[in-house]
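Topology and contacts: notes
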Amino acid sequence: MDKQKSIVWFRKDLRVSDNPALAGAIKAGEVIPIYIFDEYGADYCKMGSHARWWLAKSLEALSESLEGGLHVFQGHSLEIIENIIKKTGATSVFWNRCYEPWIIKRDTKIKKTLLDQGINVQSFNAYLLWEPHEIVKTDGTAYKVFTPFFKNGCLKAQAPREIISKPKNINFCKMKLGISIVDLQLIDKKVDQRLSKYWQPGEKEAMKRLKYFIKHDLSDYKEGRNFPAKDVTSKLSPYLHFGEISPNQMWYLVQDLGYDYASRENIQTFLTELGWREFAYNVLFFNYDMPRKNLNKKFDKITWKYDKKLLQFWTQGQTGYPIIDAAMRELYHTGFMHNRMRMVVASFLVKNLMIHWHAGEDWFWDLLVDADLASNSFNWQWVAGCGYDATPYFRIFNPILQAKKFDSRAEYIRQWVPELAKLSVKYIFEPYNAPDHILTEAGIVLGKTYPKPMIDLAISSKCALELFKQSFKHS
Ligand SMILES: Cc1cc2nc3c(=O)[nH]c(=O)nc-3n(C[C@H](O)[C@H](O)[C@H](O)COP(=O)(O)OP(=O)(O)OC[C@H]3O[C@@H](n4cnc5c(N)ncnc54)[C@H](O)[C@@H]3O)c2cc1C
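Residue positions within a chain follow its written sequence, with the count starting from 1. With pLDDT at 70 or above as the cut-off, local features in this predicted model cover only qualifying residues; side-chain atom pairs require 80 or more to be listed or tallied, and sums for whole chains, interfaces and linings still use all residues.

Let's talk about the site of the ligand
Here is the rule: Throughout this description, a residue near a molecule or strand is one whose C-beta atom, derived from the backbone, lies within 6 Å of it. Each helix is a run of H or I in the DSSP string that is no shorter than four residues. Each strand is a run of E no shorter than two, and both are numbered from the N terminus. Each residue is assigned to one class: nonpolar for Ala, Val, Leu, Ile, Met, Phe, Trp, Tyr, Cys and Pro, charged for Asp, Glu, Lys and Arg, and polar for all the others, Gly among them. Boundary definitions for the domains trace back to an automatic or database domain assignment.
Lining the immediate environment of the ligand, one finds 27 residues, of which Thr233, Ser234, Ser237, Asn376 and Asn379 sit closest. Only α9 (237-241), α11 (264-286), α14 (339-352) and α16 (373-384) provide two or more residues apiece to the shell around the ligand. Grouping the amino acids of the shell around the ligand by side-chain chemistry returns 12 nonpolar, 8 polar and 7 charged. If you count residues domain by domain, the shell around the ligand takes at least three from each of domain 2 (128-163 + 203-286) and domain 3 (297-472).

Some details on the packing of α14 against helix α15 (residues 357-367)
As a reminder of what qualifies: Fitted lines through C-alpha atoms serve as axes, helices being fitted only where they are in contact, and the angles separating the N-to-C directions of these axes extend from 0 to 180 degrees. Left-handed describes a crossing whose near helix is turned anticlockwise from the far helix through less than a right angle; right-handed describes the clockwise counterpart. Working definition of a contact: two residues with C-beta atoms, positioned from the backbone, lying within 7 Å.
Packing of α14 against α15 brings their axes to within 9 Å, and their N-to-C directions diverge by 145 degrees. The two elements α14 and α15 meet at a crossing, and its hand is right-handed. From α14, Ala346, Leu349 and Val350 reach across to α15, where they touch Trp357, Ala359 and Gly360.

Points about the packing of helix α5 (residues 146-154) against α11
Basically, it comes down to this: Note on angle classes: values under 35 degrees are labelled roughly parallel, values over 145 roughly antiparallel, values of 65 to 115 roughly perpendicular, and the remainder oblique.
Two numbers describe how α5 lies on α11: the axes approach to 10 Å, and their chain directions differ by 100 degrees. Classified by the angle between their axes, α5 and α11 sit roughly perpendicular to one another. Of the residues in α11, those touching α5 at Phe146, Phe149, Phe150 and Cys154 are Thr272, Gly275, Trp276, Glu278, Phe279 and Asn282. Across the contact of α5 with α11, the residue classes tally to 6 nonpolar, 3 polar and 1 charged.

Describing the domain arrangement of the chain
For the chain, the domain assignment lists domain 1 (5-126), domain 2 (128-163 + 203-286) and domain 3 (297-472). One C-alpha centre belongs to domain 2, the other to domain 3; they are set 27 Å apart. Counting residues at the interface gives 17 residues for domain 2 and 18 residues for domain 3. Elements with a minimum of two residues in the side of domain 2 that touches domain 3: α9 and α11.

Re the sheet that holds strand β4 (residues 92-96)
Strand pairs in the sheet, formed through backbone hydrogen bonds, run parallel or antiparallel to each other. For clarity, the threshold we go by: Two strands make a pair as long as DSSP finds a minimum of two bridges between them.
Read from one edge of the open sheet, 5 strands run β3-β2-β1-β4-β5, paired in parallel fashion. The sheet is open, and its two edges are formed by β3 (71-74) and β5 (120-124), each paired on a single side. On average, each strand axis in the sheet is inclined to that of its neighbour by 25 degrees, with strand direction left out of account. In the sheet, strand β2 (residues 30-37) pairs with β3 via 4 bridges, with the strands oriented parallel. Bridging across to β3, Tyr35 finds its partner in Val72. Sitting on the sheet, helix α3 (residues 77-88) is in contact with β1 (5-10), β2, β3 and β4, with an inclination near 155 degrees to β2.

So, α3
The condition is simple: A helix is expected to reach a length of 1.5 Å times the quantity of its residues less one.
Between its terminal C-alpha atoms α3 stretches 16 Å, which fits the 16 Å expected from 12 residues at 1.5 Å a residue. Buried residues in α3 make contact with β1, β2, β3, β4 and α4 (101-116). At the exit of α3 stands Gly89, carrying a positive phi of roughly 75 degrees.

Details of the environment of Lys86
We apply this condition: Burial is judged by counting other C-beta atoms within 10 Å of a residue's own C-beta: 20 or more means buried, 12 or fewer means exposed, and anything between counts as partly exposed, with every C-beta placed from the backbone.
On the secondary structure map, Lys86 appears in helix α3. Lys86 gets classed as exposed once you count the C-beta atoms within 10 Å, which come to 9. Considered as a pair, Lys86 and Ser237 are 151 residues apart in the sequence and their alpha carbons are 38 Å apart.

With respect to the pairing of β5
In the sheet, β4 pairs with β5 via 5 bridges, with the strands oriented parallel. If you follow Phe94 over to β5, its bridge partner there is Gln122.

Following this line, the structure appears as structure tokens:
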């Protein structure tokens, strides 16, 4: 008798270890691993250029782990799955759930259609530590504040699913199906030149990074995570986003191995950061329009400026404020930006330039390798002040003070703004205040080799506060 064939539909779970859908299909018999590049219905959620690069590399790594057995497609997911079922005689489809509203909508339809056709469909949670719909307040409503969400909701709920080990043997259904990864045309040459210097996507690299982080950086995480030049954070966000590592692997490995290297405080701080990722997804689950609409409706009243030129200076790292420019250039060149720097540049855009947070969200979306619908929109709303448990509207990060505190030796600035490298720490944070002879000695001509400040910080903060106050007056 023919063995049962099962499709494993890979999506944001590009790994073979700790993969419940793959494990389920292996148990059922022969496996047909597929990936479908499908952005029908994605609208503004279509992948950015850097994320597309990551996806291509990640698919290559996954295909290698599957002994070249990954079948790749492009088009409407349902049509493609129905075709594969026809061609192969598969009787089951397994997948791990995604939590983007547009994907939930699509998948719900696909599941129903396949079930109606008598196909066995099974979906699993492999992306979050806790299912969003399970973490609600005792009265059944959604949490709006992080600490009770994490402490009373997550930590008092059932412990996250245990890790599933890497399958020893996969019985592949051997058939030629689909197109090649190259056919998806995900990689832009220039993007490849930039990003391949910094990253190696894939499951193996993710695990290597996690173990390195636990051994070398976790012990300094609580304090060190604030300093961009220290580089002590895990940099696992893109791997998590594409599912090359699961939050469960991070959650349990950090606890199982971490105590040999780091204190409880450092470990708890790291686990709490994973909690913020859960919170972002929880808030998105209960607010499908979070990426486009202010959670706090008071902010709808604000009339934002839309100064194209100012926005361009910001995106290009040419604002005249070295810490902002360093961060924006890091983003462009590496597809990544340190968390504190994300907060500083976001505050600058929204609260000094008075440009709507959507403009920043969109720019991040295109350039972050970890661009993630929940985390990106949640955090932009957090910085802007309109999100849940957000920083208050009147808290405006001062980029000079932030630089002096968190990059006191200006190592980060010197790395990304090399034209200022010769200035001492006395002047590098505010080159426009340096005497002429100091600038000349450092080879700097303000307005030529490095821009003059695009706005006045004090005046712009004052105007922003006034505008916020006026807008909220009658609400
Ligand atoms: C304006 C803005 C936009 C952001 N956009 C994204 C985004 O698109 N994708 C994304 O993954 N993160 C985003 N973040 C959150 C955070 O900056 C990154 O998750 C973090 O910098 C990733 O680096 P890491 O992996 O070294 O983090 P680590 O410090 O090693 O933390 C471990 C993991 O915890 C999670 N995490 C940490 N901080 C946060 C946070 N504030 N919110 C949600 N999860 C968190 C991440 O998954 C991260 O990989 C954004 C933050 C801001 C302020």
